[in-house]
Amino acid sequence: MMKKILSALLIALTCNASASAQKTAGNNISGDIVIANSFWGNWFVQAGLDMSLQNPYGYNFSHVFPKGKTFGLNAAAGKWFSPEVGLRGRLNWENGFPLFKNGHLEWVAPAGSNGINMDKGGYLATYIDVLLSVHSIIWGYDADRKWNAVVFPRAGLASNLATGSGSPMVGIGFGCTYRVKGRLSLYADMAYQVITSEFFGDVATTGMQVSTGSNGFLDFHIGVQWDLGKSQGRFKRISEY
């Protein structure tokens, strides 16, 4: 009996999904297609707090708390070119604020010299994220949707102010935004990036291996987003023109 009930529910869900897909397709055929706004539309800015977990090559990640933990601030600006694809540039200033000091930090260069990194100003990271909206790609665009999940590849540079090194980095991450009201949203995301060993004050290895103890760091960001312009972060459909 239970198998029959589950089978009936599965059939009903399949039919409902099929009907929804046909309805969406029908709307698109009828001319209700989402189109991109002008170049000046769909820009946004972000500001927030973050935490990173530094993991130099050869160090055991299980000890990253508290030896590799840093805190900082970040600011970003970006644009959605379509409901599916956007671009974001972000600046991150880490381990440079006494309010966020980690008294047990050992793994950020110069390694083993606790406090010097923060005294010298911590480190700066600048990077570009290519934003891919999971919701819009899979389920289509909905101007009234509250949640928007994203994945993003990343590339940029990090400068350790304590050692004077500038190092390229690449990574990948995911996150989401939640529209609170009008232009205001909350965001949260995380990413892992690998970086050359110069960032940690070691030039003996390339440090680009993606493995346990690789030269890299995991970061977590939370903050607020404000949509700019008349579009307020929304796209128009052909039927609205």
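Everything here concerns the structure above.
To start, this report covers the structure provided alongside it. Keep in mind the model is a prediction, meaning the values are calculated, not measured. (Residues numbered from 1 in each chain as written. Predicted model: local features only at pLDDT ≥ 70, side-chain atom pairs only at ≥ 80, totals over all residues. Heavy atoms only, no water.)

1. Side note on the packing of aromatic side chains
So, point 1. Counting across every chain of the model gives 9 aromatic pairs.
So, point 2. Ring centres of F97 and F100 lie 6.0 Å apart, and the angle between their planes is 70 degrees; this geometry places the pair in the edge-to-face category.
So, point 3. With centroids separated by 5.2 Å and ring planes inclined at 90 degrees, the aromatic side chains of Y123 and F199 adopt a geometry described as edge-to-face. Of the two residues, Y123 is situated in strand β5 (residues 123–133) and F199 in the loop between β8 (184–195) and β9 (216–227); the sequence distance between them amounts to 76 residues. (Phe/Tyr/Trp six-rings, centres within 6.5 Å; stacked < 30°, edge-to-face > 60°. Helix = DSSP H or I, 4+ residues; strand = E, 2+ residues; numbered from the N terminus.)

2. A look at the nonpolar core
So, point 1. Y123, A125, Y127, A158, M169, I195, F199, F200 and F217 form the largest nonpolar core, which has 9 residues in total.
So, point 2. It is β5 that contributes the most residues to this core, 3 residues altogether.
So, point 3. By size, the runner-up hydrophobic cluster in this structure holds 8 residues, among which are F44, L131, V150 and A191. (Core = buried A, V, L, I, M, F, W, Y, C linked by side-chain atoms within 4.5 Å. Buried < 20%, exposed > 50% of the residue type's maximum accessible area, 1.4 Å probe, protein only.)

3. A short note on the pattern of salt bridges
For side chains bearing opposite charge, pairing can occur when the charged atoms are close.
So, point 1. What the rule picks out here adds up to 6 salt bridges.
So, point 2. Between D189 and R90 there is a salt bridge, and its shortest N-O distance comes to 3.3 Å. With D189 in strand β8 and R90 in strand β4 (residues 85–94), this residue pair connects regions lying 99 residues apart in the sequence. Neither D189 nor R90 differs from the other in exposure class; each is buried.
So, point 3. Several salt bridges converge on common partners, so that one network encompasses R88, R90, D129, R154, D189 and D219. (Salt bridge = Lys/Arg side-chain N within 4 Å of Asp/Glu carboxyl O.)

4. Some details on the pairing of β9
So, point 1. In terms of strand pairing, strand β2 (residues 43–55) meets β9 through 12 bridges, oriented antiparallel. Bridge assignment links M51 to a residue of β9, and that residue is F220.
So, point 2. As judged from the 11 bridges shared by β8 and β9, these two strands associate in the antiparallel manner. Bridged to Q193 within β9 is F217. (Pairing = 2+ DSSP bridges.)

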